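Here is how the chains run, residue by residue.
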Amino acid sequence: MNVSSLIIPFILLLFGTACLFSKKDLNQSFIEGAKDGIENTVSLLPSLILLLSAISMFTASGASNLIAEAISPLFEKIGVPGELVPLLIVRPLSGSSSTALLTDLFEKYGPDSFIGICASVMSGSSDTIFYVTATYLAAAGIKKSKHLLPCAVTVMLLGIILSCLLPKLMG
Amino acid sequence: MTAKISGALIILSVIFSFFTGKTEALSTAAFSGCAKAVTVSLSLLGMMCLWSGIMKVAKKIGILKGFSKLLSPILALAFPKAYKDGVAKEELSSALAANILGIGNAATPIALNAISKLKSKDGKYDNDIITFTLLGCAPFCILPTTIISLRAASGSISPASVLPHIWVCSLILSVFSIALSRAVSYAVSKK
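So, a few notes on the structure that sits alongside this text. (Residues numbered from 1 in each chain as written. Chains lettered and ligands numbered in written order. Predicted model: local features only at pLDDT ≥ 70, side-chain atom pairs only at ≥ 80, totals over all residues. Heavy atoms only, no water.)

1. Comments concerning the overall build of chain A
Looking only at helices and strands, chain A has eight helices and zero strands in total. Taken from the N to the C terminus, the helices and strands of chain A come in the order α-α-α-α-α-α-α-α. The C-alpha extent of chain A, read off along each of the three principal axes, is 65 × 40 × 30 Å. Relative to its full complement of 171 residues, chain A shows a buried share of 53%. Expressed as a percentage of contacts within chain A between residues at least 6 apart in sequence, the contacts between residues at least 24 apart total 60%. Put simply, chain A shows about 7900 Å² of open surface, and 67% of that area lies on carbon and sulfur atoms. Seen as two clouds, the 10 positive and the 11 negative side-chain charges of chain A have centres 11 Å apart. (Helix = DSSP H or I, 4+ residues; strand = E, 2+ residues; numbered from the N terminus. Buried < 20%, exposed > 50% of the residue type's maximum accessible area, 1.4 Å probe, protein only. Contact = heavy atoms within 4.5 Å. Areas by Shrake-Rupley, 256 points an atom, 1.4 Å probe, with all protein chains shown as cover. Lys, Arg positive; Asp, Glu negative; His and termini not counted. Charge placed at Lys NZ, Arg CZ, Asp CG, Glu CD.)

This is how it looks when you write it as C-alpha coordinates:
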(Lines give C-alpha, C1' and ligand atoms only; values in the text may rest on other atoms or scores of the structure.)
Protein backbone atom coordinates (compact mmCIF):
# COMPACT_ATOMS: atom_id res chain seq x y z
CA MET A 1 0.00 0.00 0.00
CA ASN A 2 1.50 3.29 -0.94
CA VAL A 3 0.41 6.90 -0.93
CA SER A 4 -0.73 7.06 -4.54
CA SER A 5 -3.11 4.15 -4.23
CA LEU A 6 -4.70 5.71 -1.13
CA ILE A 7 -5.30 9.10 -2.64
CA ILE A 8 -8.26 8.25 -4.82
CA PRO A 9 -10.10 6.37 -2.08
CA PHE A 10 -9.40 9.34 0.16
CA ILE A 11 -10.82 11.78 -2.37
CA LEU A 12 -13.89 9.58 -2.79
CA LEU A 13 -14.33 9.43 0.98
CA LEU A 14 -14.14 13.21 1.23
CA PHE A 15 -16.61 13.54 -1.59
CA GLY A 16 -19.07 11.07 -0.08
CA THR A 17 -18.82 12.68 3.36
CA ALA A 18 -19.33 16.14 1.93
CA CYS A 19 -22.39 15.08 -0.03
CA LEU A 20 -23.94 13.30 2.92
CA PHE A 21 -23.29 15.81 5.69
CA SER A 22 -22.96 19.21 4.05
CA LYS A 23 -25.69 21.75 4.61
CA LYS A 24 -25.37 23.08 1.08
CA ASP A 25 -27.14 21.30 -1.74
CA LEU A 26 -24.22 19.61 -3.44
CA ASN A 27 -26.43 17.63 -5.77
CA GLN A 28 -26.86 20.71 -7.90
CA SER A 29 -23.11 21.42 -7.91
CA PHE A 30 -22.31 17.88 -8.98
CA ILE A 31 -24.80 18.01 -11.85
CA GLU A 32 -23.49 21.37 -13.04
CA GLY A 33 -19.94 20.11 -12.96
CA ALA A 34 -20.80 16.84 -14.64
CA LYS A 35 -22.76 18.61 -17.38
CA ASP A 36 -19.78 20.91 -18.04
CA GLY A 37 -17.56 17.86 -18.21
CA ILE A 38 -19.81 16.12 -20.69
CA GLU A 39 -20.12 19.15 -22.96
CA ASN A 40 -16.36 19.62 -22.99
CA THR A 41 -15.73 15.99 -23.82
CA VAL A 42 -18.37 15.62 -26.51
CA SER A 43 -16.89 18.47 -28.49
CA LEU A 44 -13.48 16.84 -28.50
CA LEU A 45 -14.63 13.30 -29.31
CA PRO A 46 -14.40 13.57 -33.12
CA SER A 47 -10.79 14.76 -32.94
CA LEU A 48 -9.98 12.08 -30.40
CA ILE A 49 -11.46 9.30 -32.54
CA LEU A 50 -9.53 10.52 -35.59
CA LEU A 51 -6.26 10.59 -33.71
CA LEU A 52 -6.67 7.21 -32.03
CA SER A 53 -7.63 5.60 -35.34
CA ALA A 54 -4.53 7.08 -37.00
CA ILE A 55 -2.34 5.77 -34.19
CA SER A 56 -3.94 2.32 -34.57
CA MET A 57 -3.14 2.36 -38.27
CA PHE A 58 0.40 3.48 -37.59
CA THR A 59 1.05 0.59 -35.23
CA ALA A 60 -0.61 -1.94 -37.54
CA SER A 61 1.45 -0.89 -40.55
CA GLY A 62 4.71 -1.85 -38.90
CA ALA A 63 5.96 1.68 -39.52
CA SER A 64 7.47 2.01 -36.08
CA ASN A 65 9.83 -0.94 -36.66
CA LEU A 66 11.09 0.46 -39.95
CA ILE A 67 11.55 3.93 -38.52
CA ALA A 68 13.33 2.47 -35.50
CA GLU A 69 15.82 0.71 -37.75
CA ALA A 70 16.41 3.88 -39.71
CA ILE A 71 17.05 6.23 -36.81
CA SER A 72 18.82 3.88 -34.40
CA PRO A 73 22.33 4.84 -35.56
CA LEU A 74 21.57 8.52 -34.95
CA PHE A 75 20.48 7.87 -31.40
CA GLU A 76 23.39 5.56 -30.65
CA LYS A 77 25.68 8.50 -31.37
CA ILE A 78 24.13 10.60 -28.61
CA GLY A 79 24.29 7.83 -26.04
CA VAL A 80 20.84 6.30 -26.42
CA PRO A 81 20.98 2.51 -26.77
CA GLY A 82 19.43 1.37 -30.08
CA GLU A 83 17.22 -1.08 -28.24
CA LEU A 84 15.29 1.83 -26.73
CA VAL A 85 14.34 3.40 -30.06
CA PRO A 86 11.07 1.47 -30.53
CA LEU A 87 10.05 2.62 -27.07
CA LEU A 88 10.72 6.24 -27.79
CA ILE A 89 8.74 6.08 -31.00
CA VAL A 90 5.77 4.46 -29.31
CA ARG A 91 5.85 6.44 -26.04
CA PRO A 92 4.39 9.64 -27.47
CA LEU A 93 1.72 7.67 -29.29
CA SER A 94 0.14 5.23 -26.90
CA GLY A 95 0.35 4.53 -23.18
CA SER A 96 -0.73 0.91 -23.36
CA SER A 97 1.69 0.07 -26.18
CA SER A 98 4.57 1.66 -24.32
CA THR A 99 3.73 -0.28 -21.16
CA ALA A 100 3.74 -3.46 -23.23
CA LEU A 101 7.08 -2.53 -24.80
CA LEU A 102 8.56 -1.66 -21.42
CA THR A 103 7.58 -5.08 -20.07
CA ASP A 104 9.12 -6.62 -23.16
CA LEU A 105 12.39 -4.74 -22.66
CA PHE A 106 12.49 -5.82 -19.01
CA GLU A 107 12.06 -9.43 -20.08
CA LYS A 108 14.81 -9.24 -22.68
CA TYR A 109 17.40 -7.19 -20.81
CA GLY A 110 16.31 -7.27 -17.18
CA PRO A 111 14.89 -4.28 -15.30
CA ASP A 112 18.18 -3.48 -13.58
CA SER A 113 20.33 -3.39 -16.70
CA PHE A 114 21.40 -0.07 -18.16
CA ILE A 115 18.76 -0.47 -20.84
CA GLY A 116 16.13 -1.38 -18.27
CA ILE A 117 16.93 1.62 -16.10
CA CYS A 118 17.00 4.10 -19.00
CA ALA A 119 13.70 2.72 -20.26
CA SER A 120 12.20 3.14 -16.77
CA VAL A 121 13.35 6.74 -16.47
CA MET A 122 12.12 7.49 -19.98
CA SER A 123 8.68 6.06 -19.23
CA GLY A 124 8.44 7.81 -15.88
CA SER A 125 9.31 11.28 -17.03
CA SER A 126 7.38 11.55 -20.27
CA ASP A 127 3.89 10.93 -21.46
CA THR A 128 1.84 10.28 -24.56
CA ILE A 129 2.49 13.68 -26.06
CA PHE A 130 0.42 13.31 -29.21
CA TYR A 131 -2.64 12.25 -27.26
CA VAL A 132 -2.16 14.96 -24.62
CA THR A 133 -1.47 17.69 -27.18
CA ALA A 134 -4.41 16.76 -29.39
CA THR A 135 -6.85 16.42 -26.48
CA TYR A 136 -5.84 19.59 -24.68
CA LEU A 137 -5.77 21.67 -27.85
CA ALA A 138 -9.11 20.33 -29.04
CA ALA A 139 -10.58 21.11 -25.63
CA ALA A 140 -9.13 24.60 -25.74
CA GLY A 141 -10.29 25.26 -29.27
CA ILE A 142 -7.00 26.95 -30.10
CA LYS A 143 -6.35 27.27 -33.78
CA LYS A 144 -3.02 29.03 -33.91
CA SER A 145 -0.61 26.85 -32.00
CA LYS A 146 2.03 26.17 -34.56
CA HIS A 147 4.83 26.13 -32.04
CA LEU A 148 3.31 23.66 -29.61
CA LEU A 149 4.21 20.42 -31.35
CA PRO A 150 7.86 21.35 -32.06
CA CYS A 151 8.16 22.40 -28.41
CA ALA A 152 6.65 19.12 -27.23
CA VAL A 153 9.01 17.14 -29.44
CA THR A 154 11.97 19.18 -28.15
CA VAL A 155 10.97 18.42 -24.57
CA MET A 156 10.60 14.76 -25.48
CA LEU A 157 14.06 14.61 -27.10
CA LEU A 158 15.59 16.29 -24.07
CA GLY A 159 13.83 13.71 -21.92
CA ILE A 160 15.26 10.86 -23.98
CA ILE A 161 18.80 12.19 -23.73
CA LEU A 162 18.45 12.85 -20.01
CA SER A 163 17.00 9.36 -19.43
CA CYS A 164 20.20 7.84 -20.74
CA LEU A 165 22.53 10.42 -19.27
CA LEU A 166 21.25 10.63 -15.69
CA PRO A 167 21.74 6.94 -14.84
CA LYS A 168 25.35 7.29 -15.97
CA LEU A 169 25.85 10.49 -13.95
CA MET A 170 23.87 9.57 -10.86
CA GLY A 171 24.72 5.90 -10.81
CA MET B 1 -3.82 20.42 -35.27
CA THR B 2 -5.28 16.96 -34.74
CA ALA B 3 -6.02 16.70 -38.44
CA LYS B 4 -2.39 17.54 -39.24
CA ILE B 5 -0.97 14.95 -36.81
CA SER B 6 -3.48 12.31 -37.87
CA GLY B 7 -2.95 13.07 -41.55
CA ALA B 8 0.80 12.67 -41.18
CA LEU B 9 0.42 9.43 -39.24
CA ILE B 10 -1.97 8.02 -41.83
CA ILE B 11 0.28 8.90 -44.76
CA LEU B 12 3.25 7.31 -43.01
CA SER B 13 1.19 4.24 -42.17
CA VAL B 14 0.09 3.67 -45.76
CA ILE B 15 3.55 4.20 -47.23
CA PHE B 16 5.23 1.96 -44.68
CA SER B 17 2.58 -0.71 -45.06
CA PHE B 18 3.67 -1.11 -48.67
CA PHE B 19 7.22 -1.75 -47.50
CA THR B 20 6.33 -4.11 -44.71
CA GLY B 21 3.65 -5.84 -46.72
CA LYS B 22 1.12 -5.26 -43.98
CA THR B 23 -1.46 -3.55 -46.17
CA GLU B 24 -4.20 -5.93 -45.04
CA ALA B 25 -3.44 -5.30 -41.39
CA LEU B 26 -3.56 -1.60 -42.13
CA SER B 27 -7.00 -1.80 -43.73
CA THR B 28 -8.29 -3.84 -40.81
CA ALA B 29 -6.86 -1.33 -38.38
CA ALA B 30 -8.60 1.50 -40.24
CA PHE B 31 -11.90 0.00 -39.15
CA SER B 32 -11.04 -1.64 -35.85
CA GLY B 33 -9.07 1.46 -34.83
CA CYS B 34 -12.08 3.72 -34.77
CA ALA B 35 -14.12 1.09 -32.97
CA LYS B 36 -11.44 0.93 -30.27
CA ALA B 37 -11.33 4.71 -30.21
CA VAL B 38 -15.01 4.84 -29.38
CA THR B 39 -14.42 2.60 -26.35
CA VAL B 40 -11.71 4.97 -25.15
CA SER B 41 -13.91 7.98 -25.83
CA LEU B 42 -16.83 6.54 -23.91
CA SER B 43 -14.57 5.77 -20.95
CA LEU B 44 -13.29 9.32 -21.10
CA LEU B 45 -16.85 10.62 -21.18
CA GLY B 46 -17.68 8.66 -18.05
CA MET B 47 -14.56 9.82 -16.27
CA MET B 48 -15.15 13.43 -17.25
CA CYS B 49 -18.71 13.27 -15.99
CA LEU B 50 -17.81 11.83 -12.61
CA TRP B 51 -14.65 13.79 -11.91
CA SER B 52 -15.89 17.13 -13.21
CA GLY B 53 -18.81 16.69 -10.84
CA ILE B 54 -16.52 15.81 -7.93
CA MET B 55 -14.29 18.80 -8.70
CA LYS B 56 -17.27 21.15 -8.73
CA VAL B 57 -18.37 19.84 -5.36
CA ALA B 58 -14.81 20.20 -4.04
CA LYS B 59 -14.76 23.76 -5.28
CA LYS B 60 -18.07 24.50 -3.58
CA ILE B 61 -16.94 23.26 -0.20
CA GLY B 62 -13.70 25.19 -0.50
CA ILE B 63 -11.09 22.43 -0.40
CA LEU B 64 -9.39 23.62 -3.57
CA LYS B 65 -8.45 26.95 -2.04
CA GLY B 66 -5.82 25.18 0.07
CA PHE B 67 -4.23 23.63 -3.02
CA SER B 68 -4.12 26.88 -4.89
CA LYS B 69 -2.47 28.68 -1.96
CA LEU B 70 0.18 25.97 -1.79
CA LEU B 71 0.98 25.96 -5.47
CA SER B 72 0.66 29.74 -5.92
CA PRO B 73 4.35 30.42 -6.61
CA ILE B 74 4.43 27.76 -9.33
CA LEU B 75 1.22 29.09 -10.86
CA ALA B 76 2.62 32.61 -10.93
CA LEU B 77 5.76 31.43 -12.68
CA ALA B 78 4.21 29.05 -15.16
CA PHE B 79 0.94 30.77 -16.00
CA PRO B 80 1.65 34.50 -15.60
CA LYS B 81 -1.38 35.87 -17.41
CA ALA B 82 -3.92 33.59 -15.79
CA TYR B 83 -2.38 34.16 -12.38
CA LYS B 84 -2.48 37.92 -12.75
CA ASP B 85 -6.13 37.87 -13.71
CA GLY B 86 -6.93 35.32 -11.05
CA VAL B 87 -8.47 32.96 -13.57
CA ALA B 88 -8.77 29.20 -13.04
CA LYS B 89 -6.33 29.26 -10.10
CA GLU B 90 -8.08 26.43 -8.29
CA GLU B 91 -8.52 24.32 -11.41
CA LEU B 92 -4.87 24.72 -12.45
CA SER B 93 -3.53 23.90 -8.99
CA SER B 94 -5.78 20.83 -8.79
CA ALA B 95 -4.48 19.68 -12.17
CA LEU B 96 -0.86 20.18 -11.10
CA ALA B 97 -1.55 18.44 -7.78
CA ALA B 98 -3.23 15.53 -9.60
CA ASN B 99 -0.12 15.00 -11.73
CA ILE B 100 2.29 15.29 -8.82
CA LEU B 101 0.31 12.86 -6.72
CA GLY B 102 0.26 10.49 -9.67
CA ILE B 103 -3.43 9.73 -9.92
CA GLY B 104 -2.96 9.16 -13.63
CA ASN B 105 -6.32 8.54 -15.22
CA ALA B 106 -8.25 10.92 -13.01
CA ALA B 107 -5.80 13.68 -13.89
CA THR B 108 -7.06 13.98 -17.46
CA PRO B 109 -10.57 15.17 -16.58
CA ILE B 110 -9.13 17.60 -14.04
CA ALA B 111 -6.73 18.95 -16.68
CA LEU B 112 -9.47 19.30 -19.30
CA ASN B 113 -11.55 21.08 -16.67
CA ALA B 114 -8.73 23.58 -16.13
CA ILE B 115 -8.41 24.16 -19.86
CA SER B 116 -12.13 24.77 -20.28
CA LYS B 117 -11.83 27.53 -17.68
CA LEU B 118 -8.88 29.07 -19.51
CA LYS B 119 -10.32 29.13 -22.97
CA SER B 120 -11.82 32.37 -24.20
CA LYS B 121 -12.96 33.93 -27.46
CA ASP B 122 -10.05 36.32 -27.75
CA GLY B 123 -7.45 33.75 -26.84
CA LYS B 124 -6.12 35.79 -23.93
CA TYR B 125 -4.76 32.84 -21.99
CA ASP B 126 -3.68 30.75 -24.95
CA ASN B 127 -0.02 30.98 -23.98
CA ASP B 128 -0.84 29.63 -20.55
CA ILE B 129 -2.82 26.81 -22.12
CA ILE B 130 0.22 25.95 -24.24
CA THR B 131 2.50 25.95 -21.20
CA PHE B 132 -0.02 23.76 -19.39
CA THR B 133 -0.10 21.31 -22.30
CA LEU B 134 3.69 21.13 -22.41
CA LEU B 135 3.75 20.45 -18.68
CA GLY B 136 1.22 17.69 -19.32
CA CYS B 137 3.61 16.06 -21.77
CA ALA B 138 6.29 15.63 -19.14
CA PRO B 139 4.40 15.49 -15.87
CA PHE B 140 6.31 15.63 -12.63
CA CYS B 141 5.14 12.74 -10.52
CA ILE B 142 6.29 11.77 -7.06
CA LEU B 143 5.34 8.12 -7.31
CA PRO B 144 5.03 6.55 -10.76
CA THR B 145 3.42 3.38 -9.49
CA THR B 146 2.99 1.68 -12.88
CA ILE B 147 6.71 1.64 -13.58
CA ILE B 148 7.70 0.54 -10.12
CA SER B 149 5.16 -2.30 -10.16
CA LEU B 150 6.33 -3.39 -13.63
CA ARG B 151 9.93 -3.43 -12.42
CA ALA B 152 9.04 -5.41 -9.33
CA ALA B 153 7.04 -7.90 -11.42
CA SER B 154 10.00 -8.37 -13.76
CA GLY B 155 12.22 -9.30 -10.86
CA SER B 156 14.11 -6.11 -10.24
CA ILE B 157 16.39 -6.14 -7.18
CA SER B 158 15.41 -2.62 -6.25
CA PRO B 159 12.37 -1.44 -8.22
CA ALA B 160 12.37 2.00 -6.65
CA SER B 161 16.02 2.72 -7.43
CA VAL B 162 15.00 4.68 -10.53
CA LEU B 163 12.95 7.16 -8.51
CA PRO B 164 15.70 9.79 -8.00
CA HIS B 165 16.51 9.64 -11.72
CA ILE B 166 12.84 10.05 -12.63
CA TRP B 167 12.45 12.96 -10.22
CA VAL B 168 15.49 14.80 -11.52
CA CYS B 169 14.55 14.10 -15.12
CA SER B 170 10.93 15.23 -14.89
CA LEU B 171 11.87 18.24 -12.77
CA ILE B 172 14.37 19.39 -15.37
CA LEU B 173 11.82 18.75 -18.12
CA SER B 174 9.08 20.68 -16.29
CA VAL B 175 11.28 23.70 -15.73
CA PHE B 176 12.47 23.48 -19.31
CA SER B 177 8.88 23.26 -20.58
CA ILE B 178 7.84 26.40 -18.72
CA ALA B 179 10.94 28.29 -19.86
CA LEU B 180 10.60 27.11 -23.46
CA SER B 181 6.93 27.96 -23.68
CA ARG B 182 7.41 31.44 -22.27
CA ALA B 183 10.42 32.08 -24.48
CA VAL B 184 8.61 30.97 -27.60
CA SER B 185 5.45 32.92 -26.88
CA TYR B 186 7.59 35.98 -26.18
CA ALA B 187 9.40 35.52 -29.48
CA VAL B 188 6.14 35.00 -31.36
CA SER B 189 4.55 38.09 -29.86
CA LYS B 190 7.48 40.21 -30.88
CA LYS B 191 6.96 39.52 -34.58
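2. Some details on a positive patch on the surface
A surface patch of like charges, here positive, comprises Lys24(A), Lys60(B), Lys65(B) and Lys69(B). Position of Lys65(B) among the secondary structure elements: in helix α3 (residues 64-70). (Patch = residues over 30% accessible without salt bridge, like charges linked within 9 Å, V, L, I, M, F, W, Y side chains within 5 Å. Salt bridge = Lys/Arg side-chain N within 4 Å of Asp/Glu carboxyl O.)

3. Remarks on the state of the cysteines
Following the criterion strictly, the structure yields zero disulfides over all chains and no others. Among the cysteines around Cys137(B), which has no disulfide bond, Cys151(A) carries the closest sulfur, lying 10 Å off. Since its relative accessible area comes to 3%, Cys137(B) is described here as buried. (Disulfide = S-S within 2.5 Å.)

4. Observations concerning a nonpolar patch on the surface
Among the surface-exposed residues, Phe10(A), Leu14(A), Ile61(B), Ile63(B), Phe67(B) and Leu101(B) lie close enough to one another that they form a single nonpolar patch of about 470 Å² accessible area. Mapped onto the elements of the fold, Leu101(B) is located in helix α6 (residues 89-101). Judged by relative accessible area, Leu101(B) falls into the partly exposed class, the value being 31%.

5. Observations concerning the interface of chain A and chain B
The partner chain B presents 82 residues to the 89 residues of chain A that form the contact. The junction of chain A with chain B conceals about 7700 Å² of combined surface from both sides, 79% of it contributed by carbon and sulfur atoms. A per-residue breakdown of the area chain A buries against chain B is headed by Met57(A), Tyr136(A) and Val155(A), which together make up 9% of the total. Run the count over chain A and chain B and you get two salt bridges. Across the pair Asp112(A) and Arg151(B) runs a salt bridge, and its minimum N-O distance is 3.0 Å. Counting the contacts that link chain A with chain B gives nine residue pairs in polar contact (both at pLDDT 80 or more). If you list the elements that add at least two residues to the side of chain A that touches chain B, you get α1 (3-21), α2 (26-60), α3 (63-77), α5 (95-109), α6 (114-125), α7 (129-140) and α8 (148-170) of chain A. Ranked by the residues each element gives to the side of chain A that touches chain B, the list is headed by α2(A), at 27 residues. When its residues are assigned to classes, the side of chain A that touches chain B shows 54 nonpolar, 29 polar and six charged. (Buried area = accessible area lost by both parts, 1.4 Å probe. Polar contact = N/O pair within 3.5 Å; in protein donor to acceptor, adjacent residues only side chain to side chain. Nonpolar A, V, L, I, M, F, W, Y, C, P; charged D, E, K, R; others polar.)

6. Side note on the environment of Gly86(B)
All names here are of chain B. Following the sequence through the fold, Gly-86 ends up in the loop between α5 (80-84) and α6. Classification of Gly-86 as partly exposed rests on a relative accessible area of 44%. Separated by 79 residues in sequence, Gly-86 and Gly-7 have C-alpha atoms that sit 38 Å apart.

7. Regarding the nonpolar core
Ranked by internal contacts, the top residues of the largest apolar core, which has 93 residues, are Leu84(A), Leu88(A), Phe79(B), Leu92(B) and Phe132(B). The leading source of residues in this core is α8(A), at ten residues. The contacts of Leu84(A), once residues within four sequence positions are left out, are Leu105(A), Ile115(A), Cys118(A), Ala119(A), Met122(A) and Cys164(A). Core analysis: the second largest hydrophobic core is formed by seven residues, Leu26(A), Trp51(B), Ile54(B) and Ala106(B) among them. (Core = buried A, V, L, I, M, F, W, Y, C linked by side-chain atoms within 4.5 Å.)

8. Concerning the packing of α8(A) against helix α8 (residues 126-137) of chain B
In the contact formed by α8(A) and α8(B), the axes pass within 10 Å of each other and the chain directions differ by 30°. Here α8(A) lies roughly parallel to α8(B), going by the angle between them. When you trace α8(A) past α8(B), the crossing you get is right-handed. Of the residues in α8(B), those touching α8(A) at Leu148(A), Cys151(A), Ala152(A) and Val155(A) are Ile130(B), Thr133(B), Leu134(B) and Cys137(B). Partitioning the contact of α8(A) with α8(B) into residue classes produces seven nonpolar, one polar and no charged. (Axes fitted to C-alpha atoms, helices over the stretch in contact; angles between N-to-C directions. Parallel < 35°, antiparallel > 145°, perpendicular 65-115°, else oblique. Left-handed = near helix turned anticlockwise from the far one by under 90°.)

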